[in-house]
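# Analysis of the macromolecular model
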Amino acid sequence: MTTGDDVAVRAATADDWDEIHSLLNLVFHDPDDEEVRRVEGSVYEPERGLVATDGPVIVGHAAAYTRELTVPGAILPAAHVTLVGVAPTHRRRGVLSRMMRRQLAEIAEAGREPIAVLWASEGRIYPRYGYGLAAQRLSLHTNTRELSVPGTPAGRLRLVEPAQATGDFAKVYEQLRADRVGWSSRDDRWWRFVLADYASRRQGGTERHGVVHEGPDGLTGYATWRTNDGWDANGPTSKVSVSEVVAADPETYATLWRFLLTLDLTRSLHATCLPLDDPIQHLVDEPRQLGARVQDGHWVRITDLPAALTARRYATDVDVVLDVTDPLLPGNTGRWRVTGGACEPATGPADLACTITELGAVYLGGTTLAALAAAGRVRELTPGAVNRASRAFAWHRMPQPLQIF
């Protein structure tokens, strides 16, 4: 049996990519696809990768992308942690822990990114490394024949080939990004990644389709989707699978959803990455038929506590002293006074006590300190401090984990 002592962890190189990709296909049960390997390789940053090796064989990997993330009132550099996996022959050997601990230490030491963010394959894994569930998402499993969006369409819709419409999509996306907590930056490489349409991953569906919305002053929104053909004895049963709906105003949003919900010969619609407060719930005339479900999305880890809490904005005036414990990054441990524009070491008594995991969970405004206190994960040391701080850490818009990376 291989032990953890037999495994070394080192920095990845560009030459490791093919073996890393094959390992991740094995771990996540994906078929090998040369197009996927090429496109994912185009955004891979080997200098931010870690590989675990047993002799010459790569048996584990973790990496991060260099991107920005919108947080309440700001856009921050954030380590987008990704491509994490361990070979089935080397599980339960501490390999993952060694990679994650080293990665966190390197992010903190570099001093560029005060937070890290990831999507978790299993939610029980990452809290042990200080990641908190910061943004949940709404998924829809909709019977489109049993609801509608009242009203009449506004503006003009124009069908586009998504891969050829990157400029149009990016224009709308960048116009809105600063106010959409949970959205990540997208340069040209990332737009190619987002719009890549792998035949091996269509699950029997069509190629991806796109539509843009134009108002009197130009582009105001877009949507992308694919369909799966279906028929039964009663007629058509095709399904719409929505990738993104992005709109600059309520009229555009309603028009795009009305379009998607009424495509000819379709009877159901599936969408997976909506914010919990998505307006579709208040647009349709029969919200029960949306088939809404809540799933986890972004998990956030604060790597530089004073920088992270200084950078974001707060919904109300805040003046609270936090007693924070961080066993992996001890520089975050201690008492910190958070005011509207600063986070500094505190000498006085604490108002609240928690671990770094809870601060990650509330960082995007999607989880409240009050909810965590009710779960016994935040201790109130000063009466009334939970409610006051909970209101301050909230935000006017729920975060949207729009893109799985």
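That block above? That's the structure.
Not measured: the values here are computed from a predicted model.

A word on the packing of aromatic side chains. Within the structure shown, the criterion is met by 13 aromatic pairs. With 4.7 Å between their ring centres and 80° between their planes, Tyr65 and Trp190 make a pair best called edge-to-face. Of the two residues, Tyr65 is situated in strand E3 (residues 57–71) and Trp190 in helix H5 (residues 188–195); the sequence distance between them amounts to 125 residues. Site record: aromatic cluster; members linked through ring pairs are Phe169, Tyr173, Trp183, Trp191 and Tyr222. Cation over ring: Arg186 sits above Trp191, and NZ or CZ is 4.7 Å from the ring centre. In this structure, Arg312 packs its charged tip against the face of Tyr314, placed 4.6 Å from the ring centre.

Judged by pairing direction, the sheet is mixed, and its five strands sit side by side in the order E17-E16-E15-E18-E19 without closing on themselves. What marks the edges here is a single partner per strand, and that holds for strand E17 (342–345) and strand E19 (379–380).

One can find Ser184 in the loop between helix H4 (166–177) and H5. In this structure, the C-alpha to C-alpha distance between Ser184 and Ile356, residues 172 residues apart in sequence, is 22 Å. In contact with Ser184, other than residues within four places in its own chain, are Arg67, Glu68, Leu69, His80, Tyr173 and Arg177. A polar contact is formed between the side chain of Ser184 and the side chain of His80, at a distance of 2.8 Å.

Reading the values: rules and limits
- Residues numbered from 1 in each chain as written.
- Predicted model: local features only at pLDDT ≥ 70, side-chain atom pairs only at ≥ 80, totals over all residues.
- Heavy atoms only, no water.
- Phe/Tyr/Trp six-rings, centres within 6.5 Å; stacked < 30°, edge-to-face > 60°.
- Helix = DSSP H or I, 4+ residues; strand = E, 2+ residues; numbered from the N terminus.
- Lys NZ or Arg CZ within 6 Å of the ring centre and 35° of its normal.
- Pairing = 2+ DSSP bridges.
- Contact = heavy atoms within 4.5 Å.
- Polar contact = N/O pair within 3.5 Å; in protein donor to acceptor, adjacent residues only side chain to side chain.

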